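Geometric and topological summary
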Amino acid sequence: MLSIKNLHVKLEEEDKQILKGVDLEVEAGKVHAIMGPNGSGKSTLSYVLSGKDGYEVTDGSATLEGNDLLDLEPEERAAAGLFLAFQYPVEIPGVGNMTFLRTAVNAQRKARGEEEMSAADFLKVIRAKAKDLKIDADMLKRPVNMGFSGGEKKRNEILQMAMLEPKMCILDETDSGLDVDAMKLVAEGVNALRTEGRGFLVITHYQRLLDHIKPDVVHIMSDGRIIKTGGPELALEVENNGYADILAEVV
Amino acid sequence: MAETKLQETATEAMIASLDMPQGGWAQAAREDALARVRTMGLPQRRDEYWKFTRPDTLTQAEALPAAILDHGDAPLFDDTERLRIVFVDGVFDAEASDDLSLEGVKIERLAAANTDLHWARDLYGALEKNGQTPVARPLAALNTAFATDGVLIHVTGKPSKPINLVYHHKSETSDAMLHHVVKLDTGAEVTLLENGPAAARFNTVMEVEVADTARFHHVRAQGRDHERRAATHLFTRLGTESLFKSFTVTVNGAMTRNECVIELTGDDASAHVAGACVGDGDFHHDDTVFITHDAVNCESRQVYKKVLRNGATGVFQGKILVKEGAQKTDGYQISQSLLLDGDSQFLAKPELEIYADDVACSHGSTSGAIDEEALFYLRARGVSHAEATDLLTLAFLAEAVEEIEAEGLREEINGRLSSWLERRSS
């Protein structure tokens, strides 16, 4: 589904190479996790895939179901089925959460040549999904992420994911800033979306999120490359011994 | 001095191009205003009060022509039950207007009000004259002297629907001058709506006397014809526990100078003025506000938001003057611009002058670009660049639009803004 080949990326502003040849293949129905120390390029990978400004791809490719992601605008990537759950969801004063979500849902439908969702249908669907994530009516009415706690922001990301029904979900450190209960809630939300046709790329520092969202494949990233790939046991190894052993082993 | 001579010539040329309506109760006020215009002279570039806005196109004897924009929109405020008074290029249109009778209010036309002992006699030109100090506003005095028509509204109760002044623009060379007087009796309440491009050049003055505990609501939408020019003045005096709320939305127009002069003379009164404008290219928009607190425990609020792009210019001059003894004054002023590119500019001059020691006054002025993080967030969710920009633009304007008290009117203005933005970006 998501196919990344030999991806090289540098910062536009400075001559600094961040990704130095990433190869990754995420199949439909699978959950892949990327772990790695700070500064290894995990978040850069998520931003480059979703089309954020400030990065320059110097080599390699990234495709989603054959669509060349790197050639698309961020909104086109979203319409193609890519979703990034932000590590730091952005606060947008003056834009109601509900308006935002409806605009997004309908923009994607329009881009795919589908009919827009009526206000009544939208309301029905969002109420049900919000309830599952314990998001109350007040949070839907407030401006996007304004005055939300860390946990509320992350749940709001998952709500967006549930509403947009993407094919490929990238979760960038969704566990950061969450307490155990909030993490469980978020993980349940993610697990509910696990289907045969949908792929997941879960980026995290810690193994604990992976207790709740069980990965099929775990990758270790370091210095802009995937240096090791294995099963869920690899995450436990990191948890027990830290990254040092793995890094040493590879070098 | 040569410049004085030039100014005198320009002023006389303007006066010579106009005909003062003769006779009736307003004659004395008109003559008096004409004398003021001659003393002050019309605004010139070097005037401090016109530092950011070139007055030339507003003061030259002949108005520049303005093409008429056929945008095909349904009339604004159509969703609101209202009494319409229609002017076409500044000329009253009886056919298109509704019957002027409405319970709780008496409406007459300035040009038709001939009785010698008219209630408006004490007000016409009086608030304008009062507003000439400490800063001269010659274009307003010119209007008092030469306005050809306008409406005189005496609000005695609480009329069941808003009064809507509709200004059509049908001649590309029209140069219109209207003068309205509104008097609210104690406890009265009215909503006044104004909309339309009015004329190629439009000079309008509205004087509003708000008696104790009366409430005045004003929502104005200035027409979108790209080349139209306007100089507007709103003068008001507020009695004890009264309320004055005015909101203006401006989209397009080559030159707009909106002056608002408010005097809080009764204790516990409130005055809120707000403006939202969206300007593109050859667009110059100036909000000039002067609020005088001359009573105890009054509140005033100014909220101005401007979205500018393609070299558009926005100006804000706002002053709060707190006189000696005006204790417990609460004054708030904010003016902000959203610059959509590097070619546009916002010029702001916020001023506070305070002679009382127990007051709370605050002011802020900012200029900023669109929030790139927010823009990316929206795009990452599938919203197009143009639509995301519009959404953030509307969000930016929201604080000003929120100042409209009536929900229906607020929604109508928001809906209009959103459809205008949408069309612009497509």
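Rules and cut-offs
Numbering of residues starts from 1 in every chain and runs along the sequence as written. Note on labels: chains are lettered from A, ligands numbered from 1, in written order. In keeping with the model being predicted, local features are shown solely for residues with a pLDDT of at least 70 and side-chain atom pairs are shown and tallied solely at 80 or more, while totals for entire chains, interfaces and linings include all residues. Excluding hydrogens and water, the side-chain values take into account all heavy atoms of the structure. Each helix is a run of DSSP H or I of at least 4 residues and each strand a run of E of at least 2, with the numbering of both proceeding from the N terminus. The globule rule is 2.2 Å times the number of residues to the power 0.38, and the radius of gyration it is compared with is taken over C-alpha atoms. Only protein chains enter the accessibility calculation, which uses a 1.4 Å probe; a residue whose area is less than 20% of its type maximum is buried, one above 50% is exposed, and one in between is partly exposed. Whether two residues are in contact is decided by their heavy atoms, any of which lying within 4.5 Å being enough. Every accessible area reported is derived by Shrake-Rupley at a probe size of 1.4 Å, with residue values counting cover from the shown protein chains alone. Residues scored as charged are limited to Lys and Arg (positive) and Asp and Glu (negative), so that His and the chain ends carry no count. Where a charge lies is defined by one atom per residue type, namely NZ (Lys), CZ (Arg), CG (Asp) and CD (Glu). Strands were regarded as paired on the criterion that DSSP finds at least two bridges between them. Axis definition: a line fitted to C-alpha atoms, limited for helices to the stretch in contact. Angles are taken between N-to-C directions and run from 0 to 180 degrees. Angles are sorted into four bins: roughly parallel if under 35 degrees, roughly antiparallel if over 145, roughly perpendicular if 65 to 115, and oblique for all others. Only Asp, Glu, Lys and Arg are considered charged in this grouping, and only Ala, Val, Leu, Ile, Met, Phe, Trp, Tyr, Cys and Pro are considered nonpolar; every other residue, Gly among them, is considered polar. Here the buried area means the combined drop in accessible surface, using a 1.4 Å probe, for two parts upon being joined, counting both sides. Criterion for a salt bridge: a side-chain nitrogen of Lys or Arg within 4 Å of a carboxyl oxygen of Asp or Glu. To define a nonpolar core, start from buried Ala, Val, Leu, Ile, Met, Phe, Trp, Tyr and Cys residues and group those joined through side-chain atoms within 4.5 Å. The quantity known as pLDDT measures the predictor's confidence residue by residue, on a range of 0 to 100. A pair of Phe, Tyr and Trp rings is counted when the ring centres sit within 6.5 Å of each other, with Trp represented by its six-membered ring. The angle between the planes then sorts it: under 30 degrees is stacked, over 60 is edge-to-face, the rest tilted. Charge-over-ring placement is defined geometrically: NZ (Lys) or CZ (Arg) within 6 Å of the ring centre, and within 35 degrees of the ring normal. UniProt positions are given in the numbering used here, feature names are shortened, and annotations may be inferred rather than shown by experiment. Each residue after the first adds 1.5 Å to the expected span of a helix. In what follows, a disulfide is any cysteine sulfur pair within 2.5 Å.

Tallying secondary structure elements over chain A gives ten helices and twelve strands in all. Its C-alpha atoms give chain A a radius of gyration of 18 Å, within 12% of the compact-globule value 18 Å for 251 residues. The C-alpha extent of chain A, read off along each of the three principal axes, is 55 × 40 × 35 Å. Residues counted as buried form 53% of the 251 residues belonging to chain A. Within chain A, contacts between residues separated by at least 24 positions form 69% of all contacts whose residues are at least 6 apart in sequence. When the accessible surface of chain A is summed, it comes to about 11,000 Å², and 47% of that surface belongs to carbon and sulfur atoms. Side-chain charges in chain A split into 30 positive and 42 negative, and the spacing between the mean points of these groups amounts to 6 Å.

Tracing the backbone shows Asn106 of chain A in helix α3 (residues 97–111). Residue contacts for Asn106 of chain A: discarding those within four places in its chain leaves Glu116 and Met117 of chain A.

This part covers the sheet that holds strand β1 (residues 2–11) of chain A. Residues and elements named next belong to chain A. What the four strands build is an open sheet, ordered β2-β1-β4-β5; its pairing is antiparallel. If you trace the sheet from one side to the other, it starts and ends with β2 (17–26) and β5 (67–68), each paired once. The pairing of β1 with strand β4 (residues 55–64) spans eight bridges and is antiparallel. Looking at the pairing, Ser3 lines up with Thr63 of β4.

The subject of this paragraph is the packing of helix α6 (residues 150–164) of chain A against helix α7 (residues 180–192) of chain A. Residues and elements named next belong to chain A. For the pair α6 and α7, the least separation of the axes is 10 Å and the interaxial angle reads 10°. Here α7 runs roughly parallel to α6, going by the angle between their axes. Contacts between α6 and α7 involve Lys154, Arg155, Ile158 and Met161 from the first element and Leu185, Val186, Gly189 and Val190 from the second. Residues of the contact of α6 with α7, tallied by class, amount to five nonpolar, one polar and two charged.

Listed as interface residues are 16 residues of chain B and, on the opposing side, 29 residues of chain A. Across the chain B to chain A interface the summed buried area is about 1,900 Å²; carbon plus sulfur atoms make up 66%. A per-residue breakdown of the area chain B buries against chain A is headed by Phe376, Tyr377 and Arg381 of chain B, which together make up 43% of the total. For the pair chain B and chain A, the interface holds four salt bridges.

So, about the nonpolar core. Residue and element names in this part refer to chain B. Core analysis: the biggest nonpolar cluster contains 114 residues, and Phe247, Ile413 and Leu417 have the highest contact counts within it. Sort the elements by how many residues they give to this core and helix α7 (residues 385–401) lands first, with nine residues. Not counting residues within four places of it along the chain, the set of residues in contact with Leu417 comprises Val249, Val251, Val278, Leu394, Leu397 and Val401. Counting residues in each nonpolar core, the second largest holds 51 residues, with Tyr167, Val190, Val208 and Cys260 among its members.

Turning to the environment of Gly23 of chain B, a few remarks are in order. Assignment of secondary structure puts Gly23 of chain B in the loop between α1 (2–17) and α2 (27–40). For Gly23 of chain B and Asn114 of chain B, which are 91 residues apart along the polypeptide, the C-alpha to C-alpha distance reads 8.5 Å.

Per-residue confidence for chain B averages 95 on the pLDDT scale, and 99% of its residues sit at or above 70. Both confidence scores are given for the complex: pTM 0.89, ipTM 0.95.

Moving on, we come to the packing of aromatic side chains. Under the defined criterion, the tally for this structure stands at ten aromatic pairs over all chains. Taken together, a centroid distance of 5.7 Å and an interplanar angle of 15° make the contact between Phe100 of chain A and Tyr377 of chain B stacked. Note that Phe100 of chain A is positioned in helix α3 and Tyr377 of chain B in helix α6 (residues 372–380), a pairing that runs across two chains. By relative accessible area, which is 0% here, Tyr377 of chain B ends up buried. On the basis of an interplanar angle of 85° and a centroid distance of 5.9 Å, the ring pair of Trp25 of chain B and Tyr124 of chain B is categorised as edge-to-face. Of the two residues, Trp25 of chain B sits in the loop between α1 and α2 while Tyr124 of chain B sits in the loop between β3 (105–109) and α4 (126–130), which places them 99 residues apart along the sequence. Using a relative accessible area of 5% as the deciding quantity, one classes Trp25 of chain B as buried. Under the relative-accessibility criterion, Tyr124 of chain B is labelled buried at 2%. Stacked on the ring of Tyr47 of chain A, the Lys or Arg Lys52 of chain A has its end atom at 4.7 Å from the ring centre.

What UniProt calls "domain: ABC transporter" (unreviewed entry) maps, in this numbering, to residues 2–248 of chain A. As annotated, residues 2–248 of chain A has a helix share of 39% and a strand share of 29%, and its two end C-alpha atoms lie 29 Å apart.

All names here are of chain A. Taking 1.5 Å of rise per residue, 15 residues should cover 21 Å, and α6 covers 21 Å from first to last C-alpha, within 8% of that figure. Taken across its 15 residues, α6 has 14 buried, putting it largely inside the fold. In the stretch just after α6, Glu165 is the one whose phi turns positive, near 45°.

This part is about the state of the cysteines. With the rule as written, the count across this model stands at zero disulfides over all chains. Here Cys277 of chain B is not cross-linked by a disulfide; its sulfur's nearest cysteine counterpart is in Cys260 of chain B, at 15 Å.

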